[in-house]
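Architecture at a glance
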Amino acid sequence: MAPSRHADEGGQLQLMEPDRVEDEEECFESIDKLISQGINAGDVKKLQDAGIYTCNGLMMHTKKSLTGIKGLSEAKVDKICEAAEKLLSQGFMTGSDLLLKRKSVVRITTGSQALDELLGGGIETLCITEAFGEFRSGKTQLAHTLCVSTQLPIHMHGGNGKVAYIDTEGTFRPERIVPIAERFGMDANAVLDNIIYARAYTYEHQYNLLLGLAAKMAEEPFRLLIVDSVIALFRVDFSGRGELAERQQKLAQMLSRLTKIAEEFNVAVYITNQVIADPGGGMFITDPKKPAGGHVLAHAATIRLMLRKGKGEQRVCKIFDAPNLPEGEHVFQVTSGGIMDAKD
């Protein structure tokens, strides 16, 4: 496994000790461990070819989907699942145990102290954070800033990990990363090397990219996955009310995959979303827009942020929905160095 990078006191990226990386990464059991439980190495290879690289990920699949893998019979799947259950604790736990487990959550700084305070410390791992708003409301700018801040060490409110970026609208700019990295005192080339990027052109391509991520995340220390934007290709590839039910079903499957990635590898998932006009909002609603994706997306996102334009380069972020955060909003600013606190 390649060692990760971290910033020293001077801010430059340095190689982190490989053994320290492994200490931080014991959040999943490798699928290879099934061999010690009597599972054939060939069957383990079939699981890997299907995009399953951890026992945790295996238990997130239904037996029906596992028997759909070529070469795995129902009897083999039963044996594999039984072996995985021996390696994992998948049953009930006490609230105290869960509180202890939640200590593994990493909060990644947004670059703005006020915004971090609003979010309880930053963008959380183990969950999906959605940001929705009109064009030019700061969604993609926040994504670019997170690409850099995720690579900061934990003591600097970073994630000490790599970033995966799935771009559906062609808005990622590597040259934008350079001044943001310089602002944090980091080596821009090293920062860019720690970002893996893919441009998706169809919703199927987008989903397949997620399947391929498991192999990379099982081998290297990733801490953030960005999908910008999550809904764009679904709005293009499905048209009219006649295809709405199928669209929502495919969207739900993709969001389920994102949730599993977040929990399987302890990464933060940041997705951007578009807005649609809400004719039923009424004449007394000052801004009759709502996030696209309907209830399917609303239930999948753990934390929902509504972004809107402010004065000049200022933007406003409001907690739209969160299980553990009070309602509130803060103003931040978009600068050449990324997201920062707004100047008075």
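As the structure is a prediction and not an experimental result, all values here were calculated from the model.

1. Remarks on the overall build of the chain
- Across its full length, the chain carries 14 helices and 15 strands.
- In the chain, buried positions account for 47% of the 344 residues.
- Across the chain, every contact between residues at least 6 apart in sequence was considered, and the portion connecting residues at least 24 apart equals 65%.
- Per element, the accessible surface of the chain, about 16800 Å² overall, is 52% carbon and sulfur.

2. Focus: the sheet that holds strand β6 (residues 162-167)
- Read across the sheet, nine strands follow the order β7-β6-β8-β9-β5-β12-β13-β14-β15 without closing on themselves; strand pairing throughout is mixed. Looking at which strands have only one partner, the edges of the open sheet turn out to be β7 (195-199) and β15 (338-341). The sheet shows a mean angle of 25° between the axes of neighbouring strands, taken without regard to direction.
- Pairing analysis gives five bridges linking strand β5 (residues 128-132) to strand β9 (residues 268-273), with the strands arranged parallel. Residue pairing across strands places Ile 128 opposite Val 269, the latter belonging to β9.

3. With respect to the pattern of salt bridges
- Applying the stated criterion to the full structure yields eleven salt bridges.
- It is possible to trace a salt-bridge network through shared partners that takes in Asp 43, Lys 46 and Lys 76.

4. Considering the nonpolar core
- Within the largest apolar cluster, 39 residues are counted, with the highest numbers of intra-cluster contacts made by Cys 147, Val 148, Ile 195, Ile 226 and Tyr 270.
- For this core, the leading source of residues is helix α8 (residues 139-149), giving five residues.
- When sequence neighbours within four positions are dropped, the list of residues in contact with Val 148 reads Ile 177, Ile 180, Ala 181, Phe 184, Met 186 and Val 191.
- By size, the runner-up hydrophobic cluster in this structure holds 32 residues, among which are Ile 166, Leu 225, Ile 231 and Ala 301.

5. Brief notes about unusual backbone geometry
- Note that the residue after Asp 228, namely Ser 229, is joined by a cis bond; omega there is -5°.
- Here Asn 160, not a glycine, exhibits a phi torsion of approximately 50°, which is positive.
- Within the secondary structure layout, Asn 160 lies in the loop between α8 and β6.
- Its identity as a non-glycine residue notwithstanding, Asn 266 has a phi of 55°, on the positive side.
- Within the element layout of this structure, Asn 266 appears in the loop between α13 (244-265) and β9.
- The exposure class assigned to Asn 266 is buried, which follows from its relative accessible area of 7%.

6. A closer look at the packing of aromatic side chains
- On inspection of all chains with the given rule, the structure shows seven aromatic pairs.
- Ring centres of Tyr 203 and Phe 234 lie 5.5 Å apart, and the angle between their planes is 40°; on these two criteria the pair is classed as tilted. Linking Tyr 203 in helix α11 (residues 203-219) with Phe 234 in helix α12 (residues 232-237), this pair joins segments that are 31 residues apart in sequence.
- The buried category is assigned to Phe 234, whose relative accessible area is 1%.
- Plain terms: the ring middles of Tyr 203 and Phe 238 are 4.8 Å apart, the flat faces sit at 50° to each other, and that makes the pair tilted. Of this pair, Tyr 203 sits in helix α11 while Phe 238 is found in the loop between α12 and α13, placing the two residues 35 residues apart along the sequence.
- Exposure remark for Phe 238: the relative accessible area of 7% places this residue in the buried category.
- A connected cluster of aromatic rings, assembled from ring pairs, spans Tyr 165, Phe 172 and Tyr 197.
- Lying over the aromatic face of Phe 135, Lys 309 brings its terminal NZ or CZ to 4.1 Å of the ring centre.

7. With respect to the side chain of Arg 176
- Note on placement: Arg 176 falls in helix α9 (residues 174-183).
- Salt bridges are absent for the buried Arg 176, whose nearest opposite-charge side chain, Glu 313, sits at 7.7 Å.
- In terms of polar contacts, Arg 176 uses its side chain to reach the side chain of Gln 141, at 2.9 Å.
- One polar contact links the side chain of Arg 176 to the main-chain carbonyl oxygen of Ser 336, over a distance of 2.7 Å.

8. Focus: the confidence of the model for the chain
- Considering every residue of the chain, the mean pLDDT works out to 87; 89% of them sit at 70 or more.
- The lowest-confidence element of the chain is helix α1 (residues 18-24), averaging 41 in pLDDT; the highest-confidence one is β6, averaging 97.
- Across residues 14-25 the pLDDT falls below 50, and counting only partners more than four positions away or on other chains, this stretch makes 27 contacts in the model.

9. Examining α9
- Among all positions in α9, only Arg 176, Ile 177, Ile 180 and Ala 181 are buried. The buried residues of α9 occupy one face: seen down the axis, they fall within an arc of 135°. For α9, exposure combined with an orientation more than 90 degrees from the buried face picks out Glu 175 and Glu 182.
- Where α9 is buried, its residues meet α8, α10 (188-193), β7, β14 (329-335) and β15.

What counts and what doesn't
Residues numbered from 1 in each chain as written. Predicted model: local features only at pLDDT ≥ 70, side-chain atom pairs only at ≥ 80, totals over all residues. Heavy atoms only, no water. Helix = DSSP H or I, 4+ residues; strand = E, 2+ residues; numbered from the N terminus. Buried < 20%, exposed > 50% of the residue type's maximum accessible area, 1.4 Å probe, protein only. Contact = heavy atoms within 4.5 Å. Areas by Shrake-Rupley, 256 points an atom, 1.4 Å probe, with all protein chains shown as cover. Pairing = 2+ DSSP bridges. Axes fitted to C-alpha atoms, helices over the stretch in contact; angles between N-to-C directions. Salt bridge = Lys/Arg side-chain N within 4 Å of Asp/Glu carboxyl O. Core = buried A, V, L, I, M, F, W, Y, C linked by side-chain atoms within 4.5 Å. Phe/Tyr/Trp six-rings, centres within 6.5 Å; stacked < 30°, edge-to-face > 60°. Lys NZ or Arg CZ within 6 Å of the ring centre and 35° of its normal. Lys, Arg positive; Asp, Glu negative; His and termini not counted. Polar contact = N/O pair within 3.5 Å; in protein donor to acceptor, adjacent residues only side chain to side chain. pLDDT = per-residue confidence, 0-100. Arc of directions from axis to C-beta.

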